[in-house]
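# Coordinates in review
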Amino acid sequence: MTHPHEHHTEPHAPLTTASATVDGTEAGLSKKGLSAGSVGLIGAIVIGISCIAPAYTLTGALGPTVAEVGTQLPAIFLLGFIPMLLVAFGYRELNSAMPDSGTSFTWATRAFGPWLGWMGGWGLIAATVVVLSNLAGIAVEFFYLAVSQVVGFFGGDAAAVADLVGNPFVNVATCLVFILGATLISYRDMQTTQKVQYWLVGFQLLVMIGFGVAAFWHVANGTAFDATPVELSWFNPFEIGSFSAVVAGLSVSLFVFWGWDVTLTMNEETKGSRTTPGRAATLTVTIVVAIYLFVAMGSLAFAGVGTEGVGLGNEEIQENAFFFLAGPILGPLAILMSLAVLSSSAASLQSTFVSPARTLLAMGHYGALPEKFARVSPRFFTPGYATVVAAIVAAVFYTVMRFVSEDVLWDTITTLGMMICFYYGITAFACVWYFRKTWFRSGRDFFFRLFAPFVGGLILSVLFFTTLIDSMDPDYGSGSEIGGVGLVFVLGMVILLTGVVIMFWQRWRRPAYFRGETLSRAVAEE
């Protein structure tokens, strides 16, 4: 049986710099035909911010987080930022040694072997496909919300337009249009993706900054809803009061910061593939936490944490805090916030295609999946087949879940936290293990190759098992259950076990990868 490498004219690249084989074979990294040098540092950061989708993420995270930690909202964002930054350091080190579009899949395979490597890739793919369907659904919701505001402004029936999102046929049809548009852009070259993202990301960031400035302006002029002075205690996590609230806040951080690793999956298409993606990842996370802190502080200072009106403790506004705050803060420009959240979800829908497509490409390239996934568009030099497959799976998943049960759909989104912990954690520990011979070579190596990724991976592991145990409770998530077990737990296990089944099927059909013949284990040498 042939494997993908026999169709490439380029030979295998040698084992990565200063590394040695572990299992006796010398199957190192090799190029996949992507468009090299098409993404710069700024482009990578913009795409990274786009994938995180700060406007869309924050509008849903503000209220629930305030309900858990009150005015310590900035503290929990800073606390959640720490494990993401520590893991990002590990990603940066792995990328500098092994720049490969397969990221988690490739690096875990090199560190731990084919089985754990395959599951690392599966975790990333499962997480991103779930997010793709969710983002498309959110884009539909905010599209009709924005249209209803325009219709209402001109005296039309805004409620009737807003209610269209509740019609499953209209909802799914609109969702498929969004997915189709995102797929077409993603299928084209990375320059097209960057041009689209510059506008969408730039717009949402400008609106968010303007929103924060306007909130503080109202506070300064005495026109805030519930003016709350900024205090240093807002940044003190020890003021939160309970460990469970801290854990809940950290769990939220998985969602509000997730997506920065897209900058690493573009490494084979980035100028300076060994250094630029890692820098882009750390800068992306840092910029996003700064935006979050500014907007969170402005929202707290303007609205307070009360449970009435637009107070952030009011459960009635928690699903979409920006929608309710936009009017009092931005006045006649309130529609800009709805458009910002729409552009945020639409931009993230498009940029999120980057990660699963390139992971599937790498898995096909190294023989872990069928050869079709290794196909690169001869015109655009993008993973065309993998992009289309990711789009079809996301579209089918959303359509089925939308008609079956909205509760099932949202519970699936809740399982995303487990998938993120799973593959981020595997990758963090892969960094620790791959560089084990260099831990004590210098203070820098000790921090970035052992301490940072190990602590980050440990935190994510604790969150993974905590969520796993908590999700067995039937009351967890939407409250749905199967046989007395929470639906979130069941869905998480189904996703992981489905990956295990496919992995064993691929082992039977394509044994070369699992024997280390297409991608071997290795260790960084001193």
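Residues numbered from 1 in each chain as written. Predicted model: local features only at pLDDT ≥ 70, side-chain atom pairs only at ≥ 80, totals over all residues. Heavy atoms only, no water.

## Considerations on the overall build of the protein chain
Rules: Numbering of helices and strands runs from the N terminus, with a helix taken as a DSSP run of H or I at least four residues long and a strand as a DSSP run of E at least two residues long. In this treatment the radius of gyration is a C-alpha quantity, and the globule benchmark scales as 2.2 Å times the residue count to the 0.38 power. Accessibility here uses a 1.4 Å probe with only protein chains present; expressed as a share of the type maximum, an area under 20% marks a residue as buried, one over 50% as exposed, and anything in between as partly exposed.
When its secondary structure is counted, the protein chain shows 19 helices and four strands. Computed over C-alpha atoms, the radius of gyration of the protein chain comes to 23 Å, within 12% of the 24 Å expected from 2.2 N^0.38 for 526 residues, which places it in the range of a compact globule. C-alpha extents for the protein chain along the principal axes are approximately 70 × 50 × 50 Å. Of all 526 residues assigned to the protein chain, the portion counted as buried reaches 58%.

## Things to note about the pattern of salt bridges
Our working definition: A pair is scored as a salt bridge if a Lys or Arg side-chain nitrogen falls within 4 Å of a carboxyl oxygen belonging to Asp or Glu.
Under the counting rule described, the total for this entry stands at eight salt bridges. Here R444 ties to E93 by a salt bridge, and the two come within 2.7 Å at their closest N and O atoms. With R444 in helix α17 (residues 443-470) and E93 in helix α3 (residues 73-97), this pair connects stretches of sequence that are 351 residues apart. Residue class for R444 comes out partly exposed when judged on its relative accessible area of 41%. Among the salt bridges present, the one from R441 reaches D445, with a minimum N-O distance of 2.8 Å. Given the relative accessible area of 47%, R441 is considered partly exposed. We classify D445 as buried; its relative accessible area is 5%. The network of salt bridges with shared partners includes R92, E93, R441, R444, D445 and R449.

## Side note on the nonpolar core
Heads up, the rule is: Buried residues of nine kinds, namely Ala, Val, Leu, Ile, Met, Phe, Trp, Tyr and Cys, make up a nonpolar core once their side-chain atoms join them within 4.5 Å.
Of all hydrophobic cores here, the largest spans 157 residues; its most connected members are F77, W118, F257, W260, M337, Y424 and Y434. Residue contributions to this core peak at 18 residues, all from helix α5 (residues 114-153).

## Some points on the packing of aromatic side chains
The test is simple: Within 6.5 Å between ring centres, the rings of Phe, Tyr and Trp (the latter by its six-membered ring) count as paired, and their orientation is classed by plane angle as stacked under 30 degrees, edge-to-face over 60, tilted in between. Only when the NZ atom of a Lys or the CZ atom of an Arg is both within 6 Å of the ring centre and within 35 degrees of the ring normal do we say a charge sits over the ring.
All told, the structure shown has 33 aromatic pairs when counted by the stated rule. When the ring of F373 is compared with that of Y385, the centres are 5.2 Å apart and the planes differ by 80°; the resulting orientation is edge-to-face. Taken together, the positions of F373 in the loop between α14 (354-365) and α15 (384-404) and Y385 in helix α15 put the pair twelve residues apart, joining distant regions of the chain. Overall, Y385 belongs to the partly exposed group, its relative accessible area being 28%. A connected cluster of aromatic rings, assembled from ring pairs, spans F105, W115, Y366, F504, Y513 and F514. Seen from the ring of Y385, R375 lies directly overhead, with NZ or CZ sitting 5.5 Å from the centre. In this structure, R436 packs its charged tip against the face of W433, placed 4.1 Å from the ring centre.

## Some thoughts on helix α1 (residues 41-52)
Our working definition: Under the convention used throughout, the expected extent of a helix is 1.5 Å for every residue step, that is, one less than its residue count.
Counted at 1.5 Å a residue, the expected span for α1 with its twelve residues is 16 Å, and the 17 Å between its end C-alpha atoms agrees. For α1, a buried count of ten out of twelve residues is recorded, marking the element as mostly surrounded by other parts of the structure. If you check which residues of α1 are buried, you get G43, A44, I45, V46, I47, G48, I49, S50, C51 and I52. Directly after α1, the chain includes A53, whose backbone phi takes a positive value near 55°.

## Quick notes on the side chain of T382
Basically, it comes down to this: In the analysis that follows, any N or O atom pair within 3.5 Å is treated as a polar contact, provided that within protein one partner can donate a hydrogen and the other can accept it, and provided that, for residues neighboring in sequence, both atoms belong to side chains. Residue contacts are counted whenever heavy atoms from the two residues lie within 4.5 Å of one another.
Residue position: T382 is located in the loop between α14 and α15. At 2.6 Å, the side chain of T382 and the backbone oxygen of Y187 are in polar contact. Leaving out residues up to four positions away in the same chain, T382 has contacts with L34, S186, Y187, R188, D189, R358, R375, V376 and S377.

## Brief notes about the packing of α5 against helix α13 (residues 335-352)
Heads up, the rule is: Note on method: axes are straight lines fitted to C-alpha atoms, helices fitted across the in-contact stretch only, with angles between N-to-C directions ranging 0 to 180 degrees. Any angle that falls under 35 degrees is termed roughly parallel, while one over 145 is termed roughly antiparallel, one within 65 to 115 roughly perpendicular, and all others oblique. Take the far helix as your reference; a near helix turned counterclockwise from it by less than a right angle gives a left-handed crossing, and one turned clockwise gives a right-handed crossing.
Interaxial distance between α5 and α13 falls to 8 Å at its minimum, and their mutual angle equals 155°. In terms of axis orientation, α5 runs roughly antiparallel to α13. Between α5 and α13 lies a crossing whose hand is left-handed.

## Section: the side chain of S101
Mapped onto the elements of the fold, S101 is located in the loop between α3 and α4 (104-112). Among the residues examined, S101 registers a relative accessible area of 0% and is labelled buried. Beyond its immediate stretch of four places on either side in the chain, S101 contacts K32, L34, T265, N267, E268, R358, T359, L361 and A362.

## Some details on the environment of R449
With respect to the helices, strands and loops of the structure, R449 is situated in helix α17. Considering only alpha carbons, one finds R449 and I125, 324 residues apart in sequence, at a separation of 25 Å. A polar atom in the side chain of R449 sits 3.1 Å from the side chain of T438.

## Quick notes on the environment of V207
Tracing the chain through its elements places V207 in helix α8 (residues 190-220). Classification of V207 as buried rests on a relative accessible area of 9%. Considered as a pair, V207 and M190 are 17 residues apart in the sequence and their alpha carbons are 26 Å apart. Every residue in contact with V207, bar those within four places of it in the chain, is listed here: L336, M337 and A340.

## Considering a negative patch on the surface
The condition that has to hold: Put simply, a patch holds well-exposed residues, over 30% relative accessible area, that have no salt bridge, with like charges counted together within 9 Å and Val, Leu, Ile, Met, Phe, Trp or Tyr side chains within 5 Å. Shrake-Rupley sampling with a 1.4 Å probe provides the accessible areas, and residues are treated as covered by the protein chains on show and by no other component. Note on charges: Lys and Arg go in the positive column, Asp and Glu in the negative column, and His and the chain ends are not counted at all. To locate a charge, take NZ of a lysine, CZ of an arginine, CG of an aspartate or CD of a glutamate.
Among the surface-exposed residues, D470, D473, D475 and E481 lie close enough to one another that they form a single negatively charged patch. Looking at where E481 falls in the secondary structure, it is placed in strand β2 (residues 481-482).

## A closer look at the state of the cysteines
As a reminder of what qualifies: The disulfide criterion used throughout: a pair of cysteine sulfur atoms within 2.5 Å.
Going through the model one piece at a time under the given rule, you end up with zero disulfides. Not engaged in a disulfide, the cysteine C175 finds its nearest cysteine sulfur in C51; these two sulfurs lie 17 Å apart. Of the cysteine sulfurs around C421, a residue in no disulfide, the closest is that of C51, at 17 Å. What makes C421 buried here is its relative accessible area of 3%.

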